[in-house]
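Listed here are the chains, written in short residue letters.
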Amino acid sequence: MQRVFSGIQPTGVPQLGNYLGAIRNWVALQKDHECIFCLVDMHALTVWRTPETLRQDTFTQTACLIASGINPKSQILYNQSAVSAHARLGWIFNCVVRLGWLNRMTQFKEKAGKDREAHSAGLYIYPSLMAADIHAFHATRVPVGDDQRQHLEIANDIAEKFNHDYEVDFFPTIEALIPPEAARVMSLRDGTKKMSKSDPSAQSRIELTDTADEIALKIRRAKTDAEPLPSEEEGLESRPEARNLVTIYAALSGESMAQVLARFGGSGFGPFKTALADLLVTHIGPVGDETRRLLQAPDHLQAVLRDGAERANVIAEPIVREAERLVGFLR
Ligand code: TYM
């Protein structure tokens, strides 16, 4: 059985892009894979947040993942900082990765913007810790959204260089599992920008804990253009906001874009938006309710994470010890 690893940063509440691009796929993969899902709190620390926010977001995300259908008993769910293998292998990989490779990372460029020098070194070496997350488990399949593609390529490059430098065949090649549709859900306010937990405007995203009223309002206010919806997919070209909403509808209903447009094409956005809001409430509403219920018992959530960390450690410790031996560390 192939081993699956994936992670999410505990920064805010998971949004619809996280759900369609990653979480929904994680839930499906549990059926026939050994899965390890990680709240990457060390990655979250690369951008300043208060200790209380980080703690609270870790609880919220744990609850959201369980409410979405992740089974922490049959699979492993834990927070990254609780398993020291991540930091140890991350350091080794920092010494394998080349500055030139890191300089090409588009996510760093986007996050750091023009003021590069003011950002933490952690943000810069983010990709080698991410490579360590996966390789510490010898995981071979990594379900992510489209924005993580480059990070998984560098994770393979790092593993290949490690194997080459130490003349071993120790770290396997990893395969990105990117969903065929909704791999990049866009902001509701700007169809050229990715939907993100960290966008300053809460109106730009649907969060998994949004109530039915909040969902309806956000969809009603979602940016569109003045034209009616087209009847065919080609008509969505250069209409990023319309394309995004149709993509979301298709991903949730399981229909193709063509089927959605055959039904709603030709009319204004009004009836389509009402149908989309209803669909979202059906899918996301129960996740929000269950999340709120789970958050009433933070001790239980912490116990779940502790148990997950113990089981994660059993897998990662021997792999990282072997990597440490291979590079020449004494113990
Ligand atoms: P993060 O926390 O930004 O996002 C978690 C997952 O959600 C996907 N995603 C999206 N998919 C579609 N449309 C969107 N608008 C959208 N926004 C986010 C992301 O692609 C991701 O799959 N670096 C990772 C966390 C990480 C990780 C790992 C992932 C750390 N170590 C090891 C896989 C393996 C991140 O920041 O995800």
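Residues numbered from 1 in each chain as written. Predicted model: local features only at pLDDT ≥ 70, side-chain atom pairs only at ≥ 80, totals over all residues. Heavy atoms only, no water.

**Some words on the pattern of salt bridges**
For the structure shown, the criterion picks out 23 salt bridges. For Arg3, the salt bridge goes to Glu34, with nearest N and O atoms at 3.0 Å. Taken together, the positions of Arg3 in strand β1 (residues 3–8) and Glu34 in strand β2 (residues 34–39) put the pair 31 residues apart, joining distant regions of the chain. In this structure Glu34 comes out as partly exposed when scored by relative accessible area, which is 29%. Here Glu322 ties to Arg325 by a salt bridge, and the two come within 2.8 Å at their closest N and O atoms. Here Arg325 and Glu322 lie together in helix α14 (residues 298–327), a separation of three residues that amounts to about one turn. In this structure Arg325 comes out as exposed when scored by relative accessible area, which is 53%. Each of the salt bridges in this network shares a partner with another, and the network as a whole consists of Arg88, Glu317, Arg321, Glu324 and Arg331. (Salt bridge = Lys/Arg side-chain N within 4 Å of Asp/Glu carboxyl O. Helix = DSSP H or I, 4+ residues; strand = E, 2+ residues; numbered from the N terminus. Buried < 20%, exposed > 50% of the residue type's maximum accessible area, 1.4 Å probe, protein only.)

**Examining helix α4 (residues 85–94)**
Among the 10 residues of α4, seven are classified as buried, and the element is accordingly described as predominantly covered. For α4, every residue scored as buried is listed here: Ala85, His86, Leu89, Gly90, Ile92, Phe93 and Asn94.

**Considerations on the UniProt feature "binding site: L-tryptophan" (unreviewed entry) in the protein**
The UniProt record annotates "binding site: L-tryptophan" (unreviewed entry) at Asp133. With respect to the element layout, Asp133 can be found in helix α8 (residues 126–135). Taking the relative accessible area as the measure of exposure, Asp133 reaches 2% and is therefore buried. Once residues lying within four places of it in the same chain are set aside, the contact partners of Asp133 are Phe5, Val40, His43, Gln80 and His86. There is a polar contact of 3.0 Å between the side chain of Asp133 and the side chain of Gln80. (UniProt positions renumbered as here; feature names shortened; annotations may be inferred. Contact = heavy atoms within 4.5 Å. Polar contact = N/O pair within 3.5 Å; in protein donor to acceptor, adjacent residues only side chain to side chain.)

**Some words on the packing of aromatic side chains**
The geometry of two aromatic rings is summed up by the distance between their centres and the angle between their planes. Applying the stated criterion across every chain yields a total of 12 aromatic pairs. In textbook terms, an aromatic cluster arises when at least three aromatic residues are bridged by ring pairs, as seen for Phe93, Phe162, Tyr166, Phe170 and Phe171. (Phe/Tyr/Trp six-rings, centres within 6.5 Å; stacked < 30°, edge-to-face > 60°.)

**Describing the site of the ligand**
Around the ligand, a shell composed of 28 residues is seen, among which Tyr126, Asp133, Asp147, Val185 and Lys197 lie nearest. Between the ligand and Asp133, the relevant distance is 2.6 Å, taken from a nitrogen atom to a side-chain nitrogen or oxygen of the residue. Taken by itself the ligand offers 710 Å² of open surface, and the protein chains cover 96% of this. When residues of the shell around the ligand are traced back to their parent elements, those giving at least two are β1, α1 (16–29) and α8. Residue classes in the shell around the ligand are distributed as 13 nonpolar, 10 polar and five charged. (Near = heavy atom within 4 Å. Areas by Shrake-Rupley, 256 points an atom, 1.4 Å probe, with all protein chains shown as cover. Nonpolar A, V, L, I, M, F, W, Y, C, P; charged D, E, K, R; others polar.)

**A closer look at the nonpolar core**
Leu20, Phe272 and Leu280 are the most contacted members of the largest nonpolar core, which has 57 residues in total. Ranked by size, the runner-up nonpolar core spans 45 residues in total, among them Leu89, Ala112, Tyr124 and Ala159. (Core = buried A, V, L, I, M, F, W, Y, C linked by side-chain atoms within 4.5 Å.)

**What to know about the environment of Ser267**
Inspection of the secondary structure puts Ser267 in the loop between α12 (257–264) and α13 (269–294). Residues Ser267 and Leu229, 38 residues apart in the sequence, show an inter-C-alpha distance of 6.0 Å. In contact with Ser267, other than residues within four places in its own chain, are Pro228 and Leu229. A polar side-chain atom of Ser267 sits 3.0 Å from the main-chain carbonyl oxygen of Phe264.

**Quick notes on the pairing of strand β3 (residues 76–79)**
On any regular strand, side chains alternate: one points to one face of the sheet, the next to the other face. Of the two faces of β3, the one carrying Ile76 and Tyr78 and the one carrying Leu77 and Asn79 are both buried. In terms of strand pairing, β2 meets β3 through four bridges, oriented parallel. By the bridge assignment, Leu39 is partnered in β3 with Asn79. (Pairing = 2+ DSSP bridges.)

**Some details on the packing of helix α11 (residues 240–253) against α12**
Two numbers describe how α11 lies on α12: the axes approach to 9 Å, and their chain directions differ by 110 degrees. Considering their axes alone, α11 and α12 lie roughly perpendicular with respect to each other. Contacts from Arg243, Val246, Thr247, Tyr249 and Ala250 of α11 reach α12 at Met257, Val260, Leu261, Arg263 and Phe264. (Axes fitted to C-alpha atoms, helices over the stretch in contact; angles between N-to-C directions. Parallel < 35°, antiparallel > 145°, perpendicular 65-115°, else oblique.)

**Looking at the pairing of β1**
Pairing between β1 and β2: six bridges, direction parallel. Across the sheet, residue Val4 finds its bridge partner in β2, namely Cys35. As for the winding sense of the linkage, the β-α-β connection from β1 through α1 to β2 is right-handed. (Right-handed = clockwise from strand over helix to strand, strands pointing away.)

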